[in-house]
Amino acid sequence: MNGRNRRTAYAMTFVLICTLILSACSSKSGNSASPSGSASAPASSASQPETQGELFTPVGTYPIVTQQMKLKMFAPQYPSIENMETNTYTKYVEDKTNIKIEWDLVPDNALNDRKQLMLASGDYPEVILHGNLTKDEQMKYGKQGVFLPLNDLIEQYAPNIKKAIEDLPYLKGSITAPDGNIYAIPQINECYHCNYAMKLWINKAWLDELGLQMPTTTDEFYEVLKAFKERDPNKNGKQDEIPLTGSDEMWAGNIAAFLMNSFITDDYVDKDNGSFLFVRDGKVDLAANKEEWKQGLQYLNKLYSEGLIDSAAFTQNADAIQQIGNREPDNIMGAITTALISYAVSPDDKHPRHKDYVTLPPLKGPNGVQQTLNFAGISRSQFALTNKATKEQQIAAIRLVDFLFTEESIVLQERGPEGKDWRKAEPGELGMDGKQAKYATIPKAAEKTTHNDGWEQIGPSLRTYQYRDSWMAPQDPLAEGSYEVRLKRESQNYEPYASDELYPGSVFIALEDTEIAAQLRTTIRDYIKSNMAQFITGNKDIDKDWDSYVKGFDGLQTDKYIQIHQNAIAVR
């Protein structure tokens, strides 16, 4: 081979080697960007970029993609938002990320029906931004491959979501399915008055009028209610006082649940919540057939039979509570079980009666039990990726959601542009926690029924206790406009008594058990509630009929009900 041919051969060999190296690098880049365990892109998906590096900026920087990408997203259309396409926050997100959102919108009140229809038919978009996804749906469509596992995507591309999972003790167990996968990202909205919803509000003005101390035990509470009934605390010369009222129609309005927790754990706060299960030393059990439950029923029956509990408390609706709370000219309400005093009386200066009420911390029962329940957890989630998303769309979408978890995004999403409805707090303006605030609202000249400045609370997001505290608020909890400060401070009275026996309501039930678990839950709960009402009102004699009541559980498959829930917490 002459020199010229030799040089030509060397050059060709060098080019070939470089080509192979570049090819290998491109292949490696593509693999690392694709989440392991994710479904492969459909054959009809858009053409792939030569390398991921050409399309994506480094994680945590913006825009997310160097070339505009389209993502179709399913979400509700709130009647208060004028146009999601032209919405100020939509435009902000699109400019920030370089992702063009194509909306698949449905009226908010039709979201669940449309969601179920599109998932069953296969006519769904790449992204479900706000799907109100139940745990059953997450498992069902995750198992079918419709929803993609998000674990690897979060690990590689979503540091804000990953940090939230690490920081919030309830989060990981609330969103991880029994197969170990995360199929959906929730909207996290922490608030004390939500997590400590089981409250009793007592008329402090009446206690002061009668010279009584705040009760701390069930026996002392009985004596206070008797005084409310018999000693005319509203000073109108009539025995028209209702010592204690409530309603299952209200949030946490069930009287029996608040008082039963002085004997044994009872999670039935209202008609929509409650399993009657508890967990002790890792073992799930039913509360409503225990001796402590019987003692609680005896106490409740004593209150009811002496006219200390409103006779309508177990049947009336929330409207009836408003009528009681706002009775004129004299206040007749001594105490009420509810998460929010505003269910009974408006918390504003036009209705000063609300200032008479404070929360009563959990009462200590005869066996020393003194507890409340912390309901922190995620029951449903919002964001999911479907198998119609290409690998690049998966990465872009999870990075967009990771941006939604930032404080910058949350403020703009919820409040709109700075300077219109909110501003930065000035030095000396304090937040709900009494510390320097970060943000303050700008009073509106007039309330509008619609706007186009934000998404309100559409999609996944992260609103922590600390975020809530960062907004400027009046420091007097009874001042006009300071209701949320009051709710937080009143709710903190319950925090030291949080029970560790609450069965987690956010737990995943195995897919094969969900239908039977729901059936058993309904049957067992109806049986307990029916007998509970009869025992409390005296239609059944607790001493004579207790054994028969306990025997009745034998035909309700309670063992299976308990075992299903035991299996569920075993895989958390």
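The structure reproduced in this document is the subject of the present report. Residue positions within a chain follow its written sequence, with the count starting from 1. Local features are withheld for residues below a pLDDT of 70 in this predicted model, meaning they are given only at 70 or higher, and side-chain atom pairs are given and counted only at 80 or more; totals for whole chains, interfaces and linings count all residues. To obtain the side-chain values, all non-hydrogen atoms of the structure were used and water was disregarded.

So, the sheet that holds strand β5 (residues 200-203)
Argument step 1. We call two strands paired when DSSP finds no fewer than two bridges between them. Counting from the N terminus, the helices are DSSP H or I runs at least four residues long and the strands are E runs at least two residues long. Taken together, the three strands give an open sheet; going across it, the order is β8-β5-β9, and neighbouring strands pair in antiparallel fashion. Edge strands, defined here as strands with exactly one partner in the open sheet, are β8 (335-337) and β9 (357-359). Pairs of neighbouring strands in the sheet enclose a mean axial angle of 25°, with direction left out of account.
Argument step 2. Where β5 lies against β8, three bridges are found, and the strand directions are antiparallel. Within β8, the position partnered with I202 by the bridge is A335. In this analysis an axis means a line fitted to C-alpha atoms, helices contributing only their contacting stretch, and an angle means the value between N-to-C directions, from 0 to 180 degrees.

Considerations on the packing of aromatic side chains
Argument step 1. Only rings of Phe, Tyr and Trp enter the pairing, Trp through its six-membered ring, and a pair is recorded when the two centres are within 6.5 Å. The plane angle decides the type: under 30 degrees is stacked, over 60 is edge-to-face, the rest tilted. Within this structure, the stated rule accounts for 22 aromatic pairs.
Argument step 2. Plain terms: the ring middles of Y192 and Y465 are 4.6 Å apart, the flat faces sit at 25° to each other, and that makes the pair stacked. Of this pair, Y192 sits in helix α9 (residues 192-195) while Y465 sits in helix α17 (residues 465-469); the two residues are 273 residues apart in sequence, bridging distant segments of the chain. An identical accessibility class is assigned to Y192 and Y465; each is buried.
Argument step 3. With 5.1 Å between their ring centres and 35° between their planes, Y439 and W471 make a pair best called tilted. Linking Y439 in strand β12 (residues 439-441) with W471 in the loop between α17 and α18 (483-491), this pair joins segments that are 32 residues apart in sequence.
Argument step 4. Each residue's exposure class comes from its accessible area (1.4 Å probe, protein chains only) as a fraction of the maximum for that residue type: buried when under 20%, exposed when over 50%, partly exposed otherwise. Judged by its relative accessible area of 8%, Y439 is buried.
Argument step 5. The class of W471 is buried, set by a relative accessible area of 6%.
Argument step 6. Members of the aromatic cluster, each reached through a chain of ring pairs, are Y62, Y89, Y92, W103, F403 and W455.
Argument step 7. Sitting above the plane of the F508 ring, K135 keeps its charged end 4.3 Å from the centroid.
Argument step 8. In this analysis the charged atom, NZ for Lys or CZ for Arg, is taken to sit over a ring once it is within 6 Å of the ring centre and within 35 degrees of the ring normal. Against the face of Y222 rests K302, its NZ or CZ located 4.0 Å from the ring centre.

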